[in-house]
Amino acid sequence: MNGDDEGVVGAPIGDDAMFSDGGSVDDPRRPPARAGKAPAAGGEQMDVEAYAALYTGRTKVARLLFIAERCGNEGMQLEALRMVHDEIKRGEDSHLYAEVVAKIGGRLGSQYDFDQTWVDTVDRRAELRKEKLENELSAYKTNMIKESIRMGYNDLADFYYSHGQLGDAFKNYVRTRDYCTTSKHIIQMCLNIILVSIELGQFMHVSNYVSKAELTPEQLDSVTHAKLRCAAGLAYLETKKYKLAARKFLETGPELGNNYTDVIAPQDVATYGGLCALASFDRTELKNKVIDNINFRNFLELVPEVRELINDFYASRYASCLAYLENLKPNLLLDIHLHEHVETLYLEIRHKAIIQYTHPFISVDLHTMASAFKTSVAGLEKELEALITEDQIQARIDSHNKILYARHADQRNATFQRVLQTGMEFERDVRAMLLRANLIKHESMLKTTKKH
Amino acid sequence: MESVDAVVAHIQGLSGSPEEVSQLHSLLKQSEDALRSQAARLAPFLDQLDPSTHTLGYLFFLEACLSEPNSSEQAGYFNPYVVDFINSCSIEQMRLAPEKFISVCKSLKDQVMQFEVPIRGIAPLRTAIRKLQTSSEQLTTLHSDYLILCLLAKCYKAGLSILDDDIFDIDQPRDLFLFCYYGGMINIGLKRFRKALECLHNVITAPMTSLNAIVVEAYKKYILVSLILNRQVPPFPKYASPTVQRNLKGYTQPYIDLANCYATGTFSELEACIQTNLEKFQSDNNLGLVKQVLSSLYKHNIQRLTQTYLTLSLEDIANATQLETPKEAEMHVLRMIEDSEIFATINQKDGMVSFQEDPEQYKTCAMIEHIDSSIQSLMVLSRKLSSLDEHISCDPAYLTKIGKERQKFDFDEFDSVTHKFL
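The model shown is predicted, which means the values in this text are computed figures rather than measured ones.

Engineer: Explain the state of the cysteines residue by residue, including any values.
Structural biologist: This model, assessed by the stated rule, comprises zero disulfides over all chains. Of all cysteine sulfurs, the one in A:Cys190 lies closest to A:Cys180, which takes part in no disulfide; the gap is 7.8 Å. This cysteine, B:Cys261, is not joined by any disulfide, and B:Cys273 carries the nearest cysteine sulfur, 3.8 Å off. For B:Cys261, a relative accessible area of 16% corresponds to the buried category.

Written out as structure tokens, the structure reads:
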């Protein structure tokens, strides 16, 4: 696979190296060795080419642009931009083209300079096509044939979409709603709107239209079903409802395959679903819904790291689990949907791991534990302190001998304490209430005496 | 002059049976104006009367004397008479003219405050309250006067004898506000913060239609005491009057800022917040309490550590609680151990503190007695509650009010309506 890629993209790489200033990025195709020496950059550097191959349509462009913006590595950035450029040239979005060319800024050679003639042709063609579509639409409207009007709006929306005018595309897709006659149309409309909304980042619409699509009376085919699950999962992920997101991703059927690559790749389903599940599920749920889930196993096979780390987590091999997570991290930070949530999810997973680790023991040696979690004793102490304060771990730290002791609350004492406390509160509340009641009574008496 | 003599004769003659006394009461009322007009010359007559047998007459004379605006050196002249009278007067006769009695007591209070010897008024006023009360649950107008004398004389313990009674009967809402406010202050002075919070809570949640200065001041202290005791200020309960819920926070902004700062738990921020509002706190006479809030932050931080650690070095404690040196941390821990706020031992050799669990096992006789007495008092309280409930459900005023509201609903909705009131 790797060899293949190198063969295909051999030529532009030469250009790349020639025009990059100085020798700092002399060989962008050989980053793994360098990354190995500098662990700050993470384990294996992302293979942009392979990554991009997973996606089609505008999401490919968007994801590559995101990588170019975030990676902080000029070689990778230029490679991403080059692929964006090639992808856009195949489409019709002249605005985006201008932006990308400006971003490249001549660093990729004359082949990637601004191509005014291309832009002009595209714009002219777009103008003509838009006019034609609008005329057609108004003709359909006068004829009052529902189906034609729907088609007209749909075509117009498709046109806007391919030209990057997402707002207009969204509006026109929504307009088709009134002219949908069969549930098939409704589903199509919903999928279109979901697609545009995901790109616009409006996940409220996504979840709305997912539920609308699911409410259609007709039985959904399994591919559509899987698509909707993914979209719903994304929407939940975006609103930080990780548990619900995990459920949705886990319910995604294997039929998804490569049918939804303009939004999400099956690899992503595995990663998103796996991480969300680790962060939010308890042990039994993890076993039943993730590890024993035959459907989801197919997805996990695509991303062996995630599969391994879930298994490690379940088998309590935290050091290797956390190592896998650390390796994945730089790549996940370059993911357009997951990047914001990586920190939170990682923190949650870490807390889960710590809680699970301490659970079976009466006493734990902090040194052993720190080495299991690859951290210092002092750092671990801080983490444990936070978790104990939040009442997630019932234990206390012997900071002198660096041992964590489980704490078993004395039920009897706690009950006595609570009873006395409750009694005191009750007494206080009743007294205050009686006093207020008397005051109210007194005031009402004042009023009645005034009246008479 | 003759008329005064006649009145004295009446008093001496008619102080026997209750019938005679009530006859005397009506006579005295008639001659009240006459007495007042000759107030300056009445003093010698007081010696002809005996405060224990001629209580009613004595009271009228005394009141007339005191109603006269006196020069300052004369003012103290009657005080021994008043004190003597309060100590020896007959309760039955006094109850015929309680308003006179109250006014006499109040003038005594004013006198001792004017001479800045509030401590002299404490004992007589306590006797006066006991004599005026029909039951220990009654709040008299004198309660707040008594408490302010205790406060001024710094005799906080003296105030407790009154504060520890449960008050249910109230004549004037204003009395209650002042009583609870001063009561809160006395409890704060004695560091009985829980009780203080109760008193201030009563002020804030009392039914009212417009704010008054007492409530505002009480809320300021309520915020501070809540922080010291519970680390946070609870929101207004549902039963607090809408006026309070809507407007009270507007008048106490610096204190609310302080509470917000406190919630962050960082010492430096809290200190900065106090510095910015220093003048405000000073002018409200709450600076001492504010300082206590500041030091309570250390305590709460240390207390939190006991939840998470079995042993911890003094240095770590100092770091965790933002204290400057381990020495200071040791001081704080030591003080908290002495006040039995935490259970711990300090090992000075290696600078380690080991925290222990609460040694209370709830097995001692004293604890069982304590639990038993709590149960008893709760039973008394709940009996009182149910009797009050019965009383209210038979109250004609209440029934007419409920009846009026019921008519607005259809008969079908009757059930839901009663549920609403249950």
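Engineer: If you had to explain the pattern of salt bridges to someone new, which residues and values would you point to?
Structural biologist: On inspection of all chains with the given rule, the structure shows 39 salt bridges over all chains. Note that B:Glu357 is salt-bridged to A:Arg396, the shortest N-O span being 2.9 Å. Here B:Glu357, found in the loop between strand 5 (352-355) and helix 23 (365-393), pairs with A:Arg396, found in strand 2 (residues 395-398), and the two come from separate chains. Overall, A:Arg396 belongs to the buried group, its relative accessible area being 3%. Among the ionic pairs, B:Asp145 bridges to B:Lys109, the shortest N-O distance being 3.2 Å.

Engineer: Describe empty space enclosed by the protein, naming the residues involved and giving the relevant values.
Structural biologist: For the structure on display, the rule yields two cavities of 30 Å³ or more. Approximately 290 Å³ is the volume attributed to the largest cavity. The set of elements that each furnish at least two residues to the lining of the largest cavity consists of helix 23 (411-451) of chain A together with helix 13 (173-189) and helix 14 (193-205) of chain B. The residue makeup of the lining of the largest cavity, split by class, is nine nonpolar, two polar and seven charged. Of the volumes computed, that of the second largest cavity is approximately 60 Å³. What lines the second largest cavity is simply B:His201, B:Ile204, B:Thr205, B:Tyr219, B:Tyr222, B:Pro234, B:Pro235, B:Phe236 and B:Pro237. Listing elements by their share of the lining of the second largest cavity, those giving two or more residues are helix 14 and helix 15 (213-230) of chain B. At three residues, helix 14 of chain B tops the list of elements feeding residues into the lining of the second largest cavity. Its residues placed into classes, the lining of the second largest cavity shows seven nonpolar, two polar and no charged.

About the cut-offs
Going along each chain's sequence as written, the residues are numbered from 1 onward. Chain letters and ligand numbers both follow the written order, the letters beginning at A and the numbers at 1. In keeping with the model being predicted, local features are shown solely for residues with a pLDDT of at least 70 and side-chain atom pairs are shown and tallied solely at 80 or more, while totals for entire chains, interfaces and linings include all residues. Note: side-chain values were computed over all heavy atoms of the structure, leaving out hydrogens and water. Our working definition of a disulfide is a cysteine sulfur pair at a distance within 2.5 Å. Note on exposure labels: buried denotes an accessible area under 20% of the residue type's maximum, exposed denotes more than 50%, and partly exposed covers the range between, all computed with a 1.4 Å probe on protein chains only. Whenever a carboxyl oxygen of Asp or Glu lies within 4 Å of a side-chain nitrogen of Lys or Arg, that contact is scored as a salt bridge. Helix numbering and strand numbering both begin at the N terminus, where a helix is a DSSP run of H or I of at least 4 residues and a strand a DSSP run of E of at least 2. The rule is simple: put a 1 Å grid over the protein atoms alone, call a set of points where a 1.4 Å probe fits but cannot get out a cavity, call an open set with protein on both sides within 12 Å along at least five of seven lines a pocket, and count a residue as lining if it has an atom within 4 Å of a point. Grid points are joined across faces, edges and corners, and a volume is the space filled by probe spheres set on the points. Gly is placed with the polar residues, together with every amino acid not listed as nonpolar (Ala, Val, Leu, Ile, Met, Phe, Trp, Tyr, Cys and Pro) or charged (Asp, Glu, Lys and Arg).

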